[in-house]
Amino acid sequence: MLWDKGRRSDNVEDAGTGGGGGPSFGGGRGLGVGGIILLAILGLVFYKDPTALLSQDGGGMAPPQAQTQQHAQPAAANDPQVDFVRAILGETEDTWGEIFAANGQQYVRPKLVLFRNGVRTACGSASSAVGPFYCPSDQKVYLDLGFFQQMQQQFHESGDFARAYVIAHEVGHHVQNLVGVFDKVNQARQRGARMEGANGLSVRQELQADCFAGVWANHSQQRQHWLQSGDIESALNAATAIGDDRLQEEAQGRVVPDSFTHGTSAQRVRWFKTGFESGDIGKCNTFSGSI
């Protein structure tokens, strides 16, 4: 991937080394199976539900004003990893800016906060074990760069475009927040709609973010012509590695569809490809019909 072509975003911040304790999963959607072993693996799976990012002293998501966030500074421009993140985030800004403008709307650019060990956010405190995540309350993406090393060690996937897919997926959640998907899902949750499971709203929300990542890849390729041989396969391999069925099979030797939160490997690949092949956000309605 010729990522150096990308415009560098000014919206990457560094929160440094944080603390505040690890996240508590009791107040939101639970993992349901596998205990601590599965939790360690699922910590690498883009765990986005804000109620799963609560600090250990709470049972519900605190309002933004009740949280004490770490002071973030502009990220170091001379770090190659930071430079990569800035280039990918810049391209997501340009892509979604164009898509929103074409639909008569204005795209609000998110901040991307780099941290180490742990971080305090408007959604609560989280440790690095949570993996990359998006907090809708402050409209920020959070990323510990050590996650990319974990991708290589645990999933044997270290391609640039696989890493770009991670960022694009999280930005996809920001897009969902801007267009009202988060609000609708939370309203459905309050009405008692099922979140976990093969057809649950959590899975549908995650698959839509995968589709949005594919839409971004399509548009950025048209503008930058930066993808090389093997790049798409790299992203698809990453999507395959983080399917609920694949992770559960590796963690406990069996698959429990009732506990799915992100979708199977095949679903994640299919929805990313749907977005990439069409470049059309209208094709990303994972909330209607079969997924």
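Residues numbered from 1 in each chain as written. Predicted model: local features only at pLDDT ≥ 70, side-chain atom pairs only at ≥ 80, totals over all residues. Heavy atoms only, no water.

1. Considerations on the environment of Arg120
With respect to the secondary-structure elements, Arg120 resides in strand β4 (residues 118-121). Relative accessible area serves as the criterion here: at 31%, Arg120 is assigned to the partly exposed category. Taking the C-alpha atoms as reference points, Arg120 and Ala15, separated by 105 residues in sequence, lie 9.1 Å from one another. (Helix = DSSP H or I, 4+ residues; strand = E, 2+ residues; numbered from the N terminus. Buried < 20%, exposed > 50% of the residue type's maximum accessible area, 1.4 Å probe, protein only.)

2. Concerning helix α9 (residues 265-278)
Spanning 14 residues, α9 covers 20 Å between terminal C-alpha atoms, matching the ideal 20 Å at 1.5 Å per step. Along α9, the residues that are buried comprise Ser265, Gln267, Arg268, Val269, Trp271, Phe272 and Gly275. A positive phi of about 65 degrees marks Gly279, the residue just after α9. (Expected span 1.5 Å × (residues − 1).)

3. Focus: helix α2 (residues 80-102)
Taking 1.5 Å as the rise per residue, α2 with 23 residues should run 33 Å; its terminal C-alpha atoms sit 33 Å apart, in good agreement. Taking the backbone nitrogen of Gln81 as reference, a side-chain oxygen 2.9 Å away marks Asp79 as the first, capping residue of α2. Among the residues trailing α2, Gly104 stands out with phi positive, at a value near 70 degrees. (Polar contact = N/O pair within 3.5 Å; in protein donor to acceptor, adjacent residues only side chain to side chain.)

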